[in-house]
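Close look at the chain arrangement
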Amino acid sequence: MTSAANTPPFWFSGIPVDLAADVRATMRSPQYGHPAHREIARGYGPCRLCLRTFDVGKEDRILFTYQPFREPGSLPAPGPVFIHADACDRYERPELPPDFRKLPLVLEGYRTGGHLIAQERVGDRTPEDVLAQLFDVQAIAYVHIRNGEAGCFMARADRVRQA
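Rules behind the numbers
Residues numbered from 1 in each chain as written. Predicted model: local features only at pLDDT ≥ 70, side-chain atom pairs only at ≥ 80, totals over all residues. Heavy atoms only, no water. Salt bridge = Lys/Arg side-chain N within 4 Å of Asp/Glu carboxyl O. Helix = DSSP H or I, 4+ residues; strand = E, 2+ residues; numbered from the N terminus. Buried < 20%, exposed > 50% of the residue type's maximum accessible area, 1.4 Å probe, protein only. Contact = heavy atoms within 4.5 Å. Phe/Tyr/Trp six-rings, centres within 6.5 Å; stacked < 30°, edge-to-face > 60°. Lys NZ or Arg CZ within 6 Å of the ring centre and 35° of its normal. Pairing = 2+ DSSP bridges.

Right, let's get into the pattern of salt bridges. Oppositely charged side chains are able to pair whenever their charged atoms sit close together. The tally for this structure, following the rule as stated, stands at 8 salt bridges. Arginine 101 serves as the salt-bridge partner of glutamate 128, at 2.3 Å between the closest nitrogen and oxygen. Of this pair, glutamate 128 sits in helix α2 (residues 127–135) while arginine 101 sits in the loop between β5 (92–93) and β6 (105–111), and the two are 27 residues apart along the sequence. We classify glutamate 128 as partly exposed; its relative accessible area is 24%. One connected set of salt bridges, linked through shared partners, spans Glu39, Arg42 and Arg61.

See the structure below:
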């Protein structure tokens, strides 16, 4: 049995597997119907499913339009995202994706319904410290992790619920 002291405080996840599979199968954004684009990686990404950065110049990736909000009634905030062109596993773990440690991160705390409460650049702090600070605000239900250079959505972090 895991004690509350040993329970990781955060849960990190990539986009849904079925959404990525649909993009690969149809070469369209499942949420919007826009065409997707396949190319050799010219930037680090990361892949929004496995949350690993791309091997620039070597791996194929697919660019498509993604809406990161899941709740009905949320304001749309679509943006460009990449996934590996070949199948990869969804990242779902209590640790920050390792490749994210070398990226410029912006963390956005949202209330249910997609209402932005707070936005913080990680900078010299650890992402876990910034997440803890954001989740100390009780109104924050989840956090979007964004690229601090491009501004695009990369992943979601949730507070682990204590039993």
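A separate point is the environment of glycine 109. You can see glycine 109 is positioned in strand β6. Remark: the alpha-carbon pair of glycine 109 and aspartate 158, spanning 49 residues in sequence, is separated by 9.8 Å. Apart from the residues lying within four places of it in its own chain, the contact partners of glycine 109 are His115, Leu116, Ile117, Ala118, Leu134, Ile140, Tyr142 and Val143.

Going through the model one piece at a time under the given rule, you end up with 6 aromatic pairs. Consider the rings of phenylalanine 10 and phenylalanine 12, whose centres lie 6.4 Å apart with planes at 65°: the pair is edge-to-face. Its relative accessible area of 7% is what places phenylalanine 10 among the buried residues. Here phenylalanine 69 and tyrosine 110 contribute two aromatic rings whose centre-to-centre distance is 4.9 Å and whose plane-to-plane angle is 80°, an arrangement assigned as edge-to-face. Of the two residues, phenylalanine 69 sits in the loop between β3 (60–66) and β4 (79–84) while tyrosine 110 sits in strand β6, which places them 41 residues apart along the sequence. Both residues of the pair, phenylalanine 69 and tyrosine 110, count as buried. Among the aromatic side chains, those forming a connected cluster through ring pairs are Phe10, Phe12 and Phe135. The side chain of arginine 61 reaches across the aromatic face of phenylalanine 54, ending 5.5 Å from its centre. For the cation-ring pair, arginine 61 lies above phenylalanine 82, with the distance from its terminal atom to the ring centre recorded as 3.6 Å.

The next subject is the pairing of strand β8 (residues 142–147). A regular strand places its side chains on the two faces of the sheet in alternate fashion. Burial analysis of β8 places 6 of its 6 residues in the buried class, which makes it a mostly covered element. Side chains Tyr142, His144 and Arg146 of β8 all project onto a buried face; the interleaved residues Val143, Ile145 and Asn147 project onto the opposite face, where all are buried too. Inspection of the sheet shows β8 paired to strand β9 (residues 153–159) by 5 bridges, in the antiparallel sense. Across the sheet, the residue bridging to tyrosine 142 is aspartate 158, located in β9. Hairpin connection of β8 to β9: 5 residues between the antiparallel strands, including glycine 151 at a positive phi of 85°.

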